[in-house]
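These are the residues of each chain, in order.
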Amino acid sequence: METHTQPTPGLHEFAREKSGVVYTKSWVVDLLLDLVGYTTDKPLARMLLVEPSAGDGSFLLRAASRLIESCRRCETPLIEARSAILAFEIEEASAEKARRSLWALLRAHGARPGDAELLTDAWVRTGDYLLESRSLRGSAHFVVGNPPYIRLEDLPDGGSAYRSSYLTMRGRADIYVAFFEAALMQLAPEGACGFICADRWMFNQYGSELRKLVTTGFSVDTIAQMHLADAFEEKVSAYPAVTVIRKGRQGPVVVASLEAGVEGIGASNLAALLSGMAAGGSMPIKAARLDRWFRGSEPWSLIAPEKQALLRRLEAEFPSLEGTGAKVGIGVATGADKVFITTDTTIAESERLIPLALAQDVRSGGVAWSGNYLVNPWEGKRLVDLSNFPTMARHFEKHRHLLERRHVGKRNPGSWFRTIDRVDDNLLAAPKLYLPDMSGRIDPVLDEGGTYPHHNLYFIAPGLWNPKVLGGLLLSDVAQFFIEAYGVRMRGGYLRFQAQFLRRICLPFPSSLERSQELALVDAFESRDVEAANVVAAKVFELSREEISLL
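Scoring rules and cut-offs
- Residues numbered from 1 in each chain as written.
- Predicted model: local features only at pLDDT ≥ 70, side-chain atom pairs only at ≥ 80, totals over all residues.
- Heavy atoms only, no water.
- Axes fitted to C-alpha atoms, helices over the stretch in contact; angles between N-to-C directions.
- Helix = DSSP H or I, 4+ residues; strand = E, 2+ residues; numbered from the N terminus.
- Parallel < 35°, antiparallel > 145°, perpendicular 65-115°, else oblique.
- Contact = heavy atoms within 4.5 Å.
- Nonpolar A, V, L, I, M, F, W, Y, C, P; charged D, E, K, R; others polar.
- Phe/Tyr/Trp six-rings, centres within 6.5 Å; stacked < 30°, edge-to-face > 60°.
- Buried < 20%, exposed > 50% of the residue type's maximum accessible area, 1.4 Å probe, protein only.
- Pairing = 2+ DSSP bridges.
- Core = buried A, V, L, I, M, F, W, Y, C linked by side-chain atoms within 4.5 Å.
- Lys, Arg positive; Asp, Glu negative; His and termini not counted.
- Salt bridge = Lys/Arg side-chain N within 4 Å of Asp/Glu carboxyl O.
- Polar contact = N/O pair within 3.5 Å; in protein donor to acceptor, adjacent residues only side chain to side chain.

Provide a residue-level description of the packing of helix H17 (residues 467-474) against helix H20 (residues 515-527), including the pertinent values.
Between H17 and H20, whose axes approach to 7 Å, the crossing angle comes to 75°. With respect to their mutual orientation, H17 and H20 come out roughly perpendicular. Residues Lys 468, Val 469, Gly 471, Gly 472 and Leu 473 of H17 form the contact with H20, whose own contacting residues are Glu 518, Leu 521, Val 522, Phe 525 and Glu 526. Class assignment for the residues of the contact of H17 with H20 results in five nonpolar, two polar and three charged.

Could you give an account of the packing of aromatic side chains, naming the residues involved and the relevant values?
Each aromatic ring pair is specified by the distance between its two centres and by the angle formed by the two planes. Tallied over the entire structure, the rule returns 15 aromatic pairs. Ring plane angle 90° and centroid distance 5.1 Å describe the contact between Trp 369 and Tyr 373, whose orientation is recorded as edge-to-face. Under the relative-accessibility criterion, Trp 369 is labelled partly exposed at 35%. Ring geometry for Trp 416 versus Phe 417: centroids 5.5 Å apart, planes at 80°, classification edge-to-face. Comparing Trp 416 with Phe 417, the two get one shared label, buried.

I'd like a rundown of the sheet that holds strand E3 (residues 124-126), residues and numbers included.
The strand order E3-E2-E1-E4-E5-E7-E6-E8-E9 describes an open sheet built from nine strands, whose pairing is mixed. The sheet is open, and its two edges are formed by E3 and strand E9 (285-290), each paired on a single side. Taken over all neighbouring pairs, the strand axes of this sheet differ in orientation by 15° on average, direction set aside.

An account of the nonpolar core is requested, with residue identities and associated values reported.
Counting residues in each nonpolar core, the largest one holds 94 residues, and the members touching the most others are Trp 201, Trp 293, Trp 300 and Phe 541. Setting aside residues no more than four positions away along its own chain, Trp 201 makes contact with Tyr 176, Val 177, Phe 180, Tyr 206, Gly 207, Leu 210, Arg 211, Val 214, Thr 243, Ile 245 and Trp 300. Residues Leu 32, Leu 49, Ala 81 and Val 242 belong to the second largest nonpolar core, which totals 56 residues.

For the environment of Arg 405, give the residues involved together with the corresponding values.
Here Arg 405 shows up in helix H14 (residues 400-405). Note: C-alpha distance between Arg 405 and Glu 317 (88 residues apart in sequence) is 49 Å.

Any details on the side chain of Arg 406? Residues and values, ideally.
Mapped onto the elements of the fold, Arg 406 is located in the loop between H14 and helix H15 (407-411). In this structure, Arg 406 is buried with no salt-bridge partner, the nearest side chain bearing the opposite charge being Asp 337 at 8.3 Å. At a separation of 2.7 Å, a polar atom in the side chain of Arg 406 contacts the main-chain carbonyl oxygen of Trp 416. In this structure Arg 406 touches Thr 334, Gly 335, Ala 336, Phe 340, Trp 416, Phe 417, Arg 418, Thr 419 and Ile 420, once residues within four positions along its chain are discounted.

So what about the sheet that holds strand E13 (residues 373-375)? Which residues, and what values?
Sheet architecture is open: four strands sit in the order E11-E13-E12-E19, paired in mixed fashion. Because the sheet does not close on itself, it has two edges, and the strands there are strand E11 (341-342) and strand E19 (452-453). Both strand E12 (residues 353-357) and E13 contribute to a ladder of three bridges, which runs antiparallel. Paired with Ile 354 across the two strands is Leu 374, which belongs to E13.

Account for the environment of Ser 549, naming residues and giving values.
Considering the arrangement of structural elements, one finds Ser 549 in helix H22 (residues 545-550). Residue Ser 549 is classed as exposed on the basis of its relative accessible area, which comes to 56%. Side-chain polar atoms of Ser 549 contact the backbone oxygen of Glu 546, separated by 2.5 Å.

What follows is the structure, given as structure tokens:
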């Protein structure tokens with residue numbers, strides 16, 4: 001076993017200073033233990049369970065209870081289970097609390113004080129799981145837990161130690177991605193990883209390398225989204241899912257959504273329902289078995305099998321949105337909106353102010369500009385010389401302390417007054433379709449070329465498309481279907497309309513549409529008539545009646 005080392009300062013300090021810890025409810029712990037197969041009918045004393053982030057023992061204690069019962073059934077002395085559990089906890093205070101609770105549990109089941117102390121010390125390790133568990137590679141039969149959710153940029157050192165150690169840590173990743181990678185690398189053949197964790201990595205760009213890792217050497221067994229279920233001791237907005245992944249060849253996958261009240265079913269009954277696919281009717285669970293899973297790094301769509309078949313057909317027969325010549329993008333991020341966005345036209349020269357469209361400006365089916373301007377420090381691909389624009393220079397100097405503290409300001413001290421994104425002069429005058437970042441339904445709005453988008457607006461430059469024809473197709477249920485298949489639905493029913501999901505929309509080539517179809521789509525777009533758009537979409541996508549019913 002590896003010797004202890006000091007935890008990396010970044011995560012250690014973050015863990016010590018955070019205001020609270022969110023623990024998993026016991027029914028979720030039992031569900032995960034059942035799904036991975038950590039059950040008392042197995043000789044658990046001869047198997048290794050790893051808990052990556054033990055806290056004060058939510059998973060550890062329930063796993064230990066099962067181990068104790070397994071030893072009783074198998075007539076195995078409990079002291080022989082010294083190597084059956086290894087739980088990591090980075091905070092010594094939490095680790096010590098877990099040890100005390102574990103010692104009391106062992107004593108309650110008849111363990112002698114010395115044996116209880118020996119087992120407790122063997123089972124609980126104070127240390128950084130991500131940096132101290134590498135010797136476990138290929139040895140764990142089970143890795144189970146609730147890994148922490150921390151964005152790498154929130155760590156004092158930017159998580160550099162983790163980025164260098166884990167290949168899946170790319171872009172603006174969350175640290176739980178590394179926990180998945182570490183757990184998967186530790187699995188023995190047919191071993192299982194069961195986490196309750198945010199499901200964002202299944203869809204977002206930062207999870208692409210982890211998805212690729214999973215699909216090239218492991219088998220996804222079960223994904224049960226728990227957005228509405230009462231999974232934690234405190235209310236959190238983590239959009240969690242129970243995910244079980246095994247080391248083995250990919251087989252069928254159970255995909256489920258657990259709704260409010262599901263805890264009343266009981267963990268063992270719920271696990272049986274998911275395994276036997278008997279869920280349905282009025283029960284607070286929706287489940288389906290998918291015979292085919294995804295490949296490479298592509299996003300994981302968790303829709304039902306019959307919808308998966310329609311999705312695959314459309315993707316096989318039609319090009320992507322950008323494949324038709326359109327371009328998807330997002331508006332300008334400034335890093336300091338209070339400095340760069342204004343309705344006061346006196347704070348900068350008129351040629352440095354450009355009309356800025358915000359999400360609130362496109363809620364009525366058209367662009368109703370609210371009078372906000374972007375103070376624009378760009379001229380083409382270069383920043384302007386501030387000495388040529390003294391009014392704007394005075395405005396930026398007034399807020400220099402704030403602008404220099406931004407990450408982009410620290411990285412580029414010589415251009416401290418820049419926005420995060422460069423402003424594209426050509427985009428302002430060009431016609432484009434706007435979509436707000438969060439909405440219940442896809443609802444493209446046409447800007448004829450008078451505003452520039454803010455970063456909470458996505459835009460589609462039409463390319464060879466008539467923008468209103470394209471807008472009509474995007475208004476349809478077919479376009480909505482693609483977003484529903486790949487997008488992330490937030491609480492309140494809102495969908496995230498991110499560029500990566502918009503790019504998944506497939507459409508016919510503009511030249512393949514008949515003139516009558518183009519005119520009908522223009523009319524549908526101008527009148528915001530979804531049903532009229534659906535009529536044309538059904539024809540151009542050659543949808544059967546059964547396929548239409550799936551949209």
